[in-house]
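Summary of structural features
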Amino acid sequence: MTFGARLAAAMDAHGPLCVGVDPHPGLLAQWGLPDTASSLVTFGDAVLEASTGACAAIKPNAAFFERHGSAGVAALEQLLGRAREVGLLTILDAKRGDIGSTMQGYADSYLRPGAPLEADSVTVSPYLGFGSLAPAFELAQEHGKGVFVLALTSNPEGAEVQHAIAPDGRAVAAVVADSAAALNSGASPMGSVGLVVGATVGDAVQRLGIELDRVNGPLLSPGVGAQGAGAAELSLVFGNARGCVLVNQSRGVLQAGPIVEKLREAVVAAAADVTSILRESQVERKG
Ligand SMILES: O=c1ccn([C@@H]2O[C@H](COP(=O)(O)O)[C@@H](O)[C@H]2O)c(=O)[nH]1
């Protein structure tokens, strides 16, 4: 089964919510945990237990694990392995990107079955050129994995690069979206090459002529909750493409911890919220 099909099934079953696993030092403190690698295991286990069967996926952010060195990476390995065991989809937020030969190394690290850091999907950066990401797309296709390409990020600084006009007159973000659409062409219920599109980007999608409804892949949307976006922003940004949107929430949900029952209540409430926002008048996925 392709990643696109697995994710579509999980979104239909549990709602279009992805819970971010971001063990910020401040959140660890709020949870009564010291800022150590062993706390990451406790934190990850709690988020996993609260999220399993209550949302479509989890998204561990590599940064918060790597800051603890090898012990933090071991905690990340453990989390990814446990999620695989319980059948919860993972998006490893690593935002990798490099020349093609090195990109193969990143693809092997995160998308090759049996790799210590194997995830169901990974986030990548297209700023060495969309084509440089080919090793990740190829390995993903071979093994039923997914790739999320940064298109319009949720931070305000992203615009200087992503809104820039490429030599053919399209905005850089439109080139990324069109390239993903080409890879997803004909896939059903949706393809396995997703985009990252922040819920905070205002009318950039319309202004830049980005055809999100033609991408035919998952649209991972951070920015809801702690970064200020909500229902109105999601509707503005995604319009007719909202059937493919997977909303990420990290701090907005994680602040309900450390008690797993409270955390699960927050996950269930967030999943219900995004379901009613995005699926109220269900928009068919193309494919
Ligand atoms: O454009 C982007 C890409 C990734 N992120 C990541 O998503 C979460 C958001 O966390 P919140 O606490 O819900 O704000 C975090 O891991 C970011 O690195 C993003 O925010 N924007």
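What counts, and where the lines are drawn
Residues numbered from 1 in each chain as written. Predicted model: local features only at pLDDT ≥ 70, side-chain atom pairs only at ≥ 80, totals over all residues. UniProt positions renumbered as here; feature names shortened; annotations may be inferred. Buried ≥ 20, exposed ≤ 12 C-beta atoms within 10 Å, placed from the backbone. Helix = DSSP H or I, 4+ residues; strand = E, 2+ residues; numbered from the N terminus. Pairing = 2+ DSSP bridges. Near = placed C-beta within 6 Å. Nonpolar A, V, L, I, M, F, W, Y, C, P; charged D, E, K, R; others polar. Contact = placed C-beta atoms within 7 Å. Axes fitted to C-alpha atoms, helices over the stretch in contact; angles between N-to-C directions.

Taking an unreviewed UniProt entry as the reference, the chain is identified by name as Orotidine 5'-phosphate decarboxylase belonging to Demequina sediminis. Looking at the Sequence similarities (unreviewed entry) heading of the UniProt record, one finds this comment for the chain: "Belongs to the OMP decarboxylase family. Type 2 subfamily." Recorded in UniProt under Pathway (unreviewed entry), the annotation for the chain is "Pyrimidine metabolism; UMP biosynthesis via de novo pathway; UMP from orotate: step 2/2."

Let's talk about the pairing of strand β8 (residues 245-249)
On a regular strand, one side chain projects to one face of the sheet and the next to the other, so that they alternate. With five of five residues buried, β8 lies mostly within the body of the structure. Residues Val245, Val247 and Gln249 line one face of β8 and the alternating positions Leu246 and Asn248 line the opposite face, and both faces are buried. When strand β1 (residues 17-21) meets β8, the two strands line up parallel, connected through three bridges. Paired with Cys18 across the two strands is Asn248, which belongs to β8. When strand β7 (residues 219-221) meets β8, the two strands line up parallel, connected through three bridges.

Brief notes about the site of the ligand
Neighbouring the ligand are 17 residues, the closest being Thr153, Ser154, Pro222, Ser250 and Arg251. Residue composition of the shell around the ligand, grouped by class: three nonpolar, eleven polar and three charged.

As for the pairing of β1
Where burial is concerned, most of β1 is hidden: five out of the five residues are buried. Side chains Leu17, Val19 and Val21 of β1 all project onto a buried face; the interleaved residues Cys18 and Gly20 project onto the opposite face, where all are buried too. Looking at chain direction, β1 and strand β2 (residues 57-60) are connected through four bridges and run parallel. Note that in β2 the partner of Gly20 across the bridge is Lys59.

Comments concerning the environment of His14
If you trace the backbone, His14 turns up in helix α1 (residues 3-14). Taking the C-alpha atoms as reference points, His14 and Thr36, 22 residues apart in sequence, are found 32 Å from one another. His14 has contacts with Gly53, Ala54, Cys55, Ala56 and Ala271, leaving out every residue within four places of it along the chain.

A look at the sheet that holds β2
Spatially, β1-β2-β3-β4-β5-β6-β7-β8 is the arrangement adopted by the eight strands of the closed barrel, whose pairing is parallel. This sheet shows a mean twist of 30° between the axes of neighbouring strands, independent of strand direction. Summarising the sheet, strand β6 (residues 193-197) and β7 pair through two bridges and their orientation is parallel. Across the sheet, residue Leu195 finds its bridge partner in β7, namely Leu219. The strands touched by helix α11 (residues 231-238) within the sheet are β6, β7 and β8, with β8 carrying the most contacts at an inclination of about 145°.

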